[in-house]
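Examining the three-dimensional arrangement
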Amino acid sequence: MSKVLHDLKAIGKGLATTFRSMLEQPVTVQYPEEKRPVAKRYRGRHVLRRYENGLERCIGCSLCAAACPADAIFVEAAENTDERRFSPGERYAVVYEINYLRCIFCGYCEEACPTEAIVLTDQYELSFETRRDAIYTKERLLEPVPPEGQPTPQKTPPGVFVRSIPEDLTDFPVWKP
Ligand code: SF4
Ligand code: SF4
């Protein structure tokens, strides 16, 4: 008899939990229509940034590649000229690739970058069907030209963009051809 009472009590307890949760708000999120905000310090897909004048911040120095513990970044630099300028200073990244099959989203590349060119964003929708698709090229990583800026390469006046790393990264001269 005591066993029957014990079982009934257990069933009652279980049903009480069921009824209680029926009154609670559902926790299911209807992804992809509905998206949860990510944590403030979430590290997702990278973006290569530009200055307000449209010049690329990346100067092809490869410090991000050197800092990457997963060997996920490949950078190849080339020379800038005033006739054909991609970034301030002597060099720019002619090739910039991140292999997302290797990346562990540690953020070391962002920390190492002297011009705040490479940053991790809160975008987490990364899916690929082939190995080649998992390698994001410079064209995919580079942010669009800002409204006040011009696309690269730009023709710039001599002696204006001589410093690869401007003194103030937020206040770089806006120059329009
Ligand atoms: S987030 Fe980390 S693993 Fe990914 S590319 Fe940057 S340094 Fe490499
Ligand atoms: S992203 Fe930054 S660290 Fe990497 S090559 Fe460009 S300027 Fe150098």
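All right, on to the site of ligand 2 then. Inspection of the region around ligand 2 gives 14 residues, with C58, C61, C64, C113 and I118 positioned closest. Across the shell around ligand 2, the residue classes break down as eleven nonpolar, three polar and no charged.

Right, let's talk about the nonpolar core for a bit. One finds C58, C64, I73, C109 and I118 to be the most contacted residues of the largest nonpolar core, which totals 22 residues. Put simply, the parts of the chain that give this core at least two residues each are strand 2 (73-79) and strand 3 (91-99). Examining the composition of this core, we find that four residues originate from one element, strand 3, more than from any other. When neighbours within four sequence positions are excluded, C58 is seen to be in contact with L48, S87, Y92, A93, Y96, T115 and A117.

What follows deals with the environment of E56. If you trace the backbone, E56 turns up in the loop between strand 1 (46-48) and helix 2 (63-67). Considered as a pair, E56 and P157 are 101 residues apart in the sequence and their alpha carbons are 17 Å apart. Not counting residues within four places of it along the chain, the set of residues in contact with E56 comprises L48, R50, F86, S87, Y92, L142 and T152.

Here we come to the sheet that holds strand 3. What the three strands build is an open sheet, ordered 2-3-5; its pairing is antiparallel. Since the sheet does not close on itself, it has two edges, and those belong to strand 2 and strand 5 (135-136), each with one partner. Here strand 3 pairs with strand 5 via two bridges, running antiparallel. Following the sheet pairing, I98 is matched in strand 5 by Y136.

The rules behind each value
Residues numbered from 1 in each chain as written. Chains lettered and ligands numbered in written order. Predicted model: local features only at pLDDT ≥ 70, side-chain atom pairs only at ≥ 80, totals over all residues. Near = placed C-beta within 6 Å. Nonpolar A, V, L, I, M, F, W, Y, C, P; charged D, E, K, R; others polar. Core = buried A, V, L, I, M, F, W, Y, C linked by C-beta atoms within 7 Å. Buried ≥ 20, exposed ≤ 12 C-beta atoms within 10 Å, placed from the backbone. Helix = DSSP H or I, 4+ residues; strand = E, 2+ residues; numbered from the N terminus. Contact = placed C-beta atoms within 7 Å. Pairing = 2+ DSSP bridges.

Function cannot be inferred from these measures alone, as they are strictly geometric.
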